[in-house]
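# Coordinates in review
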Amino acid sequence: MSSNRIGIDALAFSGPDAYLALADLARARGVDPDKYTIGLGQHSMAIASPCEDPVTMAVQAGQSALKKFGIDPDEIGTLIVGTETGIDHSKPVAVYVHELLGLSQNCRTFETKHACYGAMAGLTSSMDWIASGRARGRKALVIASDIASYGLNTPGEPTQGAGAVAMVVSADPRLLAFDARRIGDYTRQVMDFWRPLYSKYAFADGHYSIECYLDALAGAHQDAFAEADGPDSDTELVACLYHIPFVRMAFKAHQRYLEIIQGGPIDRDHPSQLQALKEDYQRRVLPWLSLNAEIGNIYTGSLFLSLIDLLRQQSSDLAGQSISLFSYGSGCGATYCLARIQPTACDWVDAMDPSAALDQRRKLSMDEYEQLIEDCSSADQQPHLDPSDYGHRSGLFYVGTQDHQRQYRQQEKA
Ligand code: HMG
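Here the residue numbers are simple positions, counted from 1 along each chain's written sequence. It should be noted that, the model being predicted, local features are given only for residues of pLDDT at least 70 and side-chain atom pairs only at 80 or more, the latter also being counted only at that level, while totals for whole chains, interfaces and linings use all residues. Calculation of side-chain values draws on the structure's entire complement of heavy atoms; hydrogens and water are dropped beforehand.

### Section: the overall build of the protein
- For helices the rule is a DSSP run of H or I covering at least 4 residues; for strands it is a run of E covering at least 2, with both sets numbered from the N terminus onward. Within the protein, the regular secondary structure consists of 13 helices and 16 strands.
- Looking at the 414 residues of the protein, the share that counts as buried comes to 57%.
- Contacts are assigned to residue pairs that have any heavy atoms within 4.5 Å of one another. Taking contacts inside the protein between residues at least 6 apart in sequence as the whole, the part at least 24 apart equals 75%.
- The Shrake-Rupley method, run with a 1.4 Å probe sphere, supplies the accessible areas, and residue values consider only the shown protein chains as cover. Total accessible area computed for the protein in this model is approximately 17300 Å², and 47% of it derives from carbon and sulfur atoms.
- Positive: Lys, Arg. Negative: Asp, Glu. His and the chain ends are not part of the count. One atom stands in for each charge, and that atom is NZ of Lys, CZ of Arg, CG of Asp or CD of Glu. A distance of 2 Å separates the average location of the 35 positive side-chain charges in the protein from that of its 52 negative side-chain charges. Residue exposure (1.4 Å probe, protein chains only): buried if accessible area is under 20% of the type maximum, exposed if over 50%, otherwise partly exposed.

Okay, structure coming up:
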């Protein structure tokens, strides 16, 4: 089997039913709304209720990927859930997901945690599993599922979000095939963002985290091209996808990327250099950030949300062309890699596109938002939660804890 054909065969997103407009948040915090909508590039952020957690979102994304792409759960031989929204110090989110998706008992199942890098770690591990021959023709299901919470009135507050992206990985992918010789890795112990065991909310050294992200991009890119005479270059990429904690981060990342391949700094005070940077960003990066701008930081799934956005818009015109993907997880770990859009990707646009579900979302007032944040802080210990109290009608919900065991319920439309 050629390891250069392995890649993503199915993709689906699922997220919370409600969102907060960032202009409303800005007004409530006494901040110019342009800071959030232009400075950070975000329009709104998905807000989870106490009944939506990493399990419910992962299961719904996983079900959607399997069903819409016609994949039998028995075809899945590895399930990996990448998450930093732990619900248990010991038991993985993945094992709940395994049961709720009805996967085989012979399916290897585990959770990966490395901040926003967990799903990329799962993706490359599952590709290695297939390339080794151990998969025996089976596929892997890799799901990224997270709720980004920084707490009220913090600098990180406008960069929250929640959601899950499910990816089926196979030896004969319909959507995206990776170039195994152009996958570069980078690791460095840094305190840019972390969440101690005693805290519900993440701590971030925000501006330092941006520097760490950009250094990791340079380090992972260098590793991807360590083999000078390997296949493919990255001069003909039609799209450059980045981890998106907030949309504007992609502009900073793309500037650093262009500086790396041009071998020198870009002077943003120089009009023609700034113009060239903006044009390249508008052509190869910005068009695929519309879902991220509406959903916010979904941590480990953010990069793959941008991939869904690209494929739902351009898979027909860009068939056979190369793209880059950069995953960054604070702490920190990163991967830069190249992949090729498959000619069959354009047949699956409707299956991937989450816009119908996003159109159904409920807009929160500031009071509702602050109440949800408060309710979520005690949800893990509640014996009984009623999804209808949070406006939910149908879906899978977390309904409280009995005898210290989390309970889930599938609720059908009344
Ligand atoms: P801040 O300090 O409040 O914002 O926090 P700022 O002062 O840096 O302003 C942000 C931008 O808005 C700036 O643009 C301002 O100029 C602009 P820049 O200079 O950077 O291009 N601005 C305006 N624009 C238009 N009109 C205005 C206006 N005012 C200002 N009126 C910060 C920003 C991102 C630091 C904060 O939100 C934060 O701490 N976020 C959380 C950490 C984060 O997202 N880090 C990103 C890199 S690390 C990463 O990606 C990993 C992560 O996903 C976690 C994981 O791995 O699990 C976070």
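Now, onward.
### Points about the sheet that holds strand β14 (residues 362-363)
- Strand pairing is defined by DSSP finding a minimum of two bridges between the two strands. Reading across the sheet, the 3 strands line up as β3-β2-β14 and stay open at both edges, with mixed pairing between neighbours. Because the sheet does not close on itself, it has two edges, and the strands there are β3 (44-47) and β14.
- Relative to β3, strand β2 (residues 18-21) runs antiparallel, the two sharing 4 bridges. Its bridge partner lying in β3, Ala21 is registered against Ser44.

### Topic: helix α4 (residues 93-100)
- Within the span of α4, buried status applies to Val93, Ala94, Tyr96, Val97 and His98.
- Where α4 is buried, its residues meet α3 (54-68), β4 (76-82), β5 (108-112), β6 (139-148) and β16 (405-411).
- After α4 finishes, the residue Gly102 shows a positive phi value of roughly 65°.

### Side note on the site of the ligand
- By convention in these notes, a residue is near a molecule or strand provided one of its non-hydrogen atoms lies within 4 Å of it. Residues in contact with the ligand amount to 27 residues; listed here are only the nearest, Lys35, Glu84, Cys116, Ser209 and Lys252.
- Pairs of N or O atoms are called polar contacts if they sit within 3.5 Å, as long as, within protein, a hydrogen donor faces a hydrogen acceptor (for residues adjacent in sequence, only side-chain-to-side-chain pairs). One of the backbone nitrogen or oxygen atoms of Pro155 is found 2.8 Å away from an oxygen atom of the ligand.
- For the ligand, the protein covers 76% of the area, taking 1100 Å² as the surface of the free molecule.
- Where the shell around the ligand is concerned, the elements lending two or more residues are α2 (33-39), α6 (206-224) and β12 (322-329).
- No other element matches the 5 residues that α6 contributes to the shell around the ligand.
- Three classes are used, and their members are as follows: Ala, Val, Leu, Ile, Met, Phe, Trp, Tyr, Cys and Pro are nonpolar, Asp, Glu, Lys and Arg are charged, and the others, Gly among them, are polar. Class assignment of the residues belonging to the shell around the ligand gives a composition of 12 nonpolar, 10 polar and 5 charged.

### Section: a nonpolar patch on the surface
- Patch members must show over 30% relative accessible area and no salt bridge, and they are joined within 9 Å when carrying like charges or within 5 Å when they are nonpolar side chains of Val, Leu, Ile, Met, Phe, Trp or Tyr. Only one rule defines a salt bridge in this text: a Lys or Arg side-chain nitrogen within 4 Å of an Asp or Glu carboxyl oxygen. Together, Met191, Trp194, Tyr198 and Phe203 make up an exposed nonpolar region whose accessible area comes to about 470 Å².
- Considering the arrangement of structural elements, one finds Trp194 in strand β9 (residues 193-194).

### Observations regarding the pairing of β16
- Bridge count for strand β15 (residues 395-402) against β16 is 7 bridges, and the pairing is antiparallel. Its bridge partner lying in β16, Gln402 is registered against Gln405.
- Linking two consecutive strands that pair antiparallel, namely β15 and β16, is a turn of 2 residues; a positive phi of about 50° is found at Asp403 within it.

### Re the nonpolar core
- Put simply, buried Ala, Val, Leu, Ile, Met, Phe, Trp, Tyr and Cys residues joined by side-chain atoms within 4.5 Å make one nonpolar core. With 134 residues, the main nonpolar core has Tyr242, Leu307, Ile323 and Leu325 as its most contacted residues.
- Broken down by element, this core gets its largest block of residues, 8 residues, from α6.
- Ignoring any residue separated from it by four or fewer positions in sequence, one finds Tyr242 in contact with Tyr213, Leu217, Ala250, Ala253, His254, Tyr257, Val285, Leu303 and Phe326.
- Judged by nonpolar contacts, the second largest core, of 6 residues, contains Tyr150, Phe193, Ala202 and Tyr299.

### A short note on the packing of α6 against helix α7 (residues 248-262)
- Note on geometry: axes are C-alpha line fits, over the in-contact stretch for helices, and angles between N-to-C directions span 0 to 180 degrees. Running from N to C, α6 and α7 point in directions that differ by 40°, and their axes come no closer than 10 Å. Viewed along their axes, α6 and α7 form a crossing whose handedness is right-handed. Note on element contacts: α7 touches α6 through Met249, Lys252, Ala253, Arg256, Tyr257, Ile260 and Ile261, opposite Ile210, Tyr213, Leu214, Asp215, Leu217, Ala218 and His221. In this scheme, a crossing is called left-handed if the near helix is turned counterclockwise away from the far one by less than a right angle; it is called right-handed if the turn is clockwise.

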